[in-house]
Amino acid sequence: DQQVKQNSPSLSVQEGRISILNCDYTNSMFDYFLWYKKYPAEGPTFLISISSIKDKNEDGRFTVFLNKSAKHLSLHIVPSQPGDSAVYFCAASVGNQFYFGTGTSLTVIP
Amino acid sequence: DAGVIQSPRHEVTEMGQEVTLRCKPISGHNSLFWYRQTMMRGLELLIYFNNNVPIDDSGMPEDRFSAKMPNASFSTLKIQPSEPRDSAVYFCASSKPLYEQYFGPGTRLTVT
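An account of the accompanying structure is given in this report. (Residues numbered from 1 in each chain as written. Chains lettered and ligands numbered in written order. Predicted model: local features only at pLDDT ≥ 70, side-chain atom pairs only at ≥ 80, totals over all residues. Heavy atoms only, no water.)

### Considering unusual backbone geometry
Short version of the rule: Here a helix means four or more residues in a row that DSSP labels H or I, a strand means two or more in a row labelled E, and each is numbered from the N terminus.
The residue after Val78(A), namely Pro79(A), is reached through a cis peptide bond having omega -5°. Tracing the sequence through the fold places Pro79(A) in the loop between strand 8 (72–77) and strand 9 (86–94). Note that the residue after Gln80(B), namely Pro81(B), is joined by a cis bond; omega there is -5°. Within the element layout of this structure, Pro81(B) appears in the loop between strand 8 (74–79) and strand 9 (88–95). Positive phi, close to 65°, is recorded for Ala41(A), a residue that is not glycine. Tracing the sequence through the fold places Ala41(A) in the loop between strand 4 (32–38) and strand 5 (45–51). Even without glycine at this site, Asn52(B) takes up a positive phi of about 75°. Take Asn52(B): it is sitting in the loop between strand 5 (42–50) and strand 6 (53–56).

### As for the packing of aromatic side chains
The criterion, for reference: Centres within 6.5 Å make a pair out of two Phe, Tyr or Trp rings, where for Trp the six-membered ring is used; the pair is then stacked when the planes are under 30 degrees apart, edge-to-face when over 60, and tilted otherwise. Burial classes: relative accessible area under 20% of the type maximum marks a residue as buried, over 50% as exposed, and values in between as partly exposed (1.4 Å probe, protein chains only).
Under the definition given, this model contains 14 aromatic pairs over all chains. Between Phe98(A) and Phe33(B) the ring centres are 5.7 Å apart and the planes differ by 85°, which places this aromatic pair in the edge-to-face class. Taken together, the positions of Phe98(A) in strand 10 (residues 97–100) and Phe33(B) in strand 4 (residues 31–38) put the pair across two chains. No difference in accessibility class separates Phe98(A) from Phe33(B), as the two residues are buried.

### Side note on the sheet that holds strand 8 of chain A
Residues and elements named next belong to chain A. Let me state the cut-off plainly: Note: two strands are recorded as paired if DSSP finds a minimum of 2 bridges between them.
Strand order in the open sheet formed by five strands is 1-3-8-7-6, and the pairing between neighbours is antiparallel. Because the sheet does not close on itself, it has two edges, and the strands there are strand 1 (4–5) and strand 6 (56–59). Pairing of strand 6 with strand 7 (residues 62–67), which is carried by four bridges, proceeds in the antiparallel orientation. Bridge assignment links Asn-57 to a residue of strand 7, and that residue is Val-64.

### Comments concerning the sheet that holds strand 1 (residues 5–7) of chain B
Residues and elements named next belong to chain B. So the rule is basically this: As a rule, the C-alpha atoms of each element are fitted with a line to give its axis, helices using only the stretch in contact, and angles between N-to-C directions run from 0 to 180 degrees.
Within the open sheet, the four strands sit side by side as 1-3-8-7. Their pairing is antiparallel. The sheet is open, and its two edges are formed by strand 1 and strand 7 (65–71), each paired on a single side. Shown here is a sheet whose adjacent strand axes are inclined to one another by a mean of 15°, direction ignored.

### Overview of the layout of surface pockets
As a reminder, the rule being used: Definitions used throughout: a 1 Å grid over protein atoms alone; a cavity as a set of points that fits a 1.4 Å probe which cannot get out; a pocket as an open set with protein on both sides within 12 Å along at least five of seven lines; a lining residue as one with an atom within 4 Å of a point. Grid points are joined across faces, edges and corners, and a volume is the space filled by probe spheres set on the points.
Considered as a void within the structure, the largest pocket measures approximately 550 Å³ in volume. The wall of the largest pocket is formed by 25 residues, among which Lys38(A), Gln37(B), Met39(B), Val89(B) and Arg108(B) lie closest to the centre. Mapped by element, the contributors of at least two residues to the lining of the largest pocket are strand 9 and strand 11 (104–109) of chain A together with strand 4 and strand 9 of chain B. Considering every element that reaches the lining of the largest pocket, the biggest residue donor is strand 9 of chain B, with three residues.

What follows is the structure in structure tokens.
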């Protein structure tokens, strides 16, 4: 059973606007959460992470929010740029076990 | 550093044939992971190694799949015999323990 779920397979956003990608998880033992970005024909690349002891982590245009009570994770990209168009995977880990969602394909329209 | 290296990048084989995928992790990384990506299930962890020792292979779908890590700089994932439903992109990733993983470019496997 999927322990990490990304319920939106795709998202389209206008350039300059905010992109919000969502992720839900079921295992309350997860203690580390990550977002990866994947371009076609390439492996996923690490984007940003957050520990379970925090509720927000920011890195430039990217901010990850964690709501532990709701078991919900989101990635905000602002402002969105055409180069952000990619598939975004969220992942959760406990120990050295990583679980990935199925990905959300983001298209930023110029 | 060259990053995680995988070979081949593409593999097309006939059902019943043996397939071997190769991975060279980033130097200094103690953990190595094999993933399979499909449209339906996204990225699935197949197996991971810590210091060359398999820690969890519960994600390996069947006995047809096997993985080895004979030393810190090389790992293989073997499928014997291969079946059409094994067609997917297979990723290898490496990390230092409890840090983010670095992925290779993947091997696209097509079994006809």
